[in-house]
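Summary of the model geometry
So you can see what is in the structure, the chains are spelled out below.
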Amino acid sequence: MTDAFSLSGHLIEGGHSLTQRVYYEDTDFSGLVYHARYLHFLERGRTDYLRCLGCAQRELINADEEGLVFVVHRMELDFKSPARMDDVLTIETITEKAGGAKMVLRQTIQCADRRLIEAKVVIAVVNKFGRPRRLPETIAEKFQKSSGL
């Protein structure tokens, strides 16, 4: 039996889409989502994108003697509009580049037709010792194939 709803979201043309609800813990005293909580939503989008591509992070770190880890190198955020408790958010992650020792992802957070956040995220690919390493071709191909690169 397959569910129409997946906790990990689903692949879309160009990338991935994840639906999340805003809970009380995500808001500040004003009832709006606290600005730092958007980083959590964006991280969940990236993590579940990997999961939907069949890349389990636990396995990647132990895949070979070097290991493979993704770390955020740079992030640019544009806050467009606030979210509120009980809003249902859509986090979309689109691959702009995947290869070499980095990936570039574009992410958005929307509530219905309202764009809340636009982000550009540069991901460094490193080994388990923190040194740069090339993204294995098999993983780069998964990102490229999902994004049509």
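This structure is a prediction, so every number in the text was calculated from the model and none was measured. (Residues numbered from 1 in each chain as written. Predicted model: local features only at pLDDT ≥ 70, side-chain atom pairs only at ≥ 80, totals over all residues. Heavy atoms only, no water.)

Within the protein, the regular secondary structure consists of 3 helices and 6 strands. Across the protein, helices and strands are ordered from the amino to the carboxyl terminus as β-β-α-α-β-β-β-β-α. Computed over its C-alpha atoms, the radius of gyration of the protein comes to 16 Å, within 12% of the 15 Å expected for a compact globule of 149 residues. Based on the C-alpha atoms only, the size of the protein along its principal axes is roughly 50 × 40 × 25 Å. Among the 149 residues that make up the protein, the fraction classed as buried is 41%. Partitioning the contacts of the protein with sequence separation of at least 6, the portion at a separation of at least 24 is 67%. A total accessible area of about 8900 Å² is found for the protein, and carbon and sulfur atoms account for 51% of it. The distance from the centre of the 21 positive side-chain charges to the centre of the 21 negative ones in the protein is 4 Å. (Helix = DSSP H or I, 4+ residues; strand = E, 2+ residues; numbered from the N terminus. Rg over C-alpha atoms; globule rule 2.2 N^0.38 Å. Buried < 20%, exposed > 50% of the residue type's maximum accessible area, 1.4 Å probe, protein only. Contact = heavy atoms within 4.5 Å. Areas by Shrake-Rupley, 256 points an atom, 1.4 Å probe, with all protein chains shown as cover. Lys, Arg positive; Asp, Glu negative; His and termini not counted. Charge placed at Lys NZ, Arg CZ, Asp CG, Glu CD.)

Together, Arg74, Lys97, Lys102 and Arg134 make up a region of like positive charge exposed at the surface. By the secondary structure assignment, Arg134 is in the loop between strand 6 (114–126) and helix 3 (137–147). Here Arg134 falls in the exposed class, since its relative accessible area comes to 62%. (Patch = residues over 30% accessible without salt bridge, like charges linked within 9 Å, V, L, I, M, F, W, Y side chains within 5 Å. Salt bridge = Lys/Arg side-chain N within 4 Å of Asp/Glu carboxyl O.)

Another point: the sheet that holds strand 2 (residues 15–21). Whenever strands of a sheet pair, they do so through backbone hydrogen bonds, lying parallel or antiparallel. Across the sheet, which stays open at both edges, the 6 strands sit in the order 1-2-4-5-6-3 with antiparallel pairing between neighbours. The open sheet is flanked by strand 1 (10–12) and strand 3 (69–79), the only strands paired with a single partner. In this sheet, neighbouring strand axes are inclined to one another by 25° on average, regardless of whether the strands run parallel or antiparallel. The sheet contact formed by strand 4 (residues 88–99) and strand 5 (residues 102–111) spans 10 bridges and is antiparallel. (Pairing = 2+ DSSP bridges. Axes fitted to C-alpha atoms, helices over the stretch in contact; angles between N-to-C directions.)

If you trace the backbone, Gly67 turns up in the loop between helix 2 (57–60) and strand 3. For the pair Gly67 and Gly130, spaced 63 residues apart in the sequence, the C-alpha separation amounts to 9.8 Å. What Gly67 contacts, discounting residues up to four positions off in sequence, is Leu60, Ile61, Val126, Asn127, Lys128 and Arg133.

Another aspect to go through is the state of the cysteines. Enumeration according to the criterion identifies 0 disulfides in this entry. Cys52 carries a free sulfur, and the closest cysteine sulfur to it, the one in Cys55, is 11 Å from it. (Disulfide = S-S within 2.5 Å.)

Across all of its chains, the model carries 9 salt bridges by this definition. The partner of Arg46 in a salt bridge is Glu43, and the shortest N-O contact between them spans 2.5 Å. With Arg46 and Glu43 both in helix 1 (residues 37–52) and 3 residues apart, this pair spans about one turn of that helix. In this structure Arg46 comes out as buried when scored by relative accessible area, which is 9%. On the basis of relative accessibility, which here comes to 35%, the residue Glu43 falls in the partly exposed class. A cluster of three or more residues bridged by salt bridges with shared partners is formed by Glu25, Asp26 and Arg37.

Inspection of helix 3 places Ile139, Ala140, Phe143, Ser146 and Ser147 among the buried residues, and these make up the whole buried set. Buried residues in helix 3, looked at end-on, bunch into an arc of 135°, giving them a common side. Opposite the packed face of helix 3, turned more than 90 degrees from it, sit the exposed residues Thr138 and Lys145. One or two residues past the end of helix 3 sits Gly148, with phi positive at roughly 75°. (Arc of directions from axis to C-beta.)

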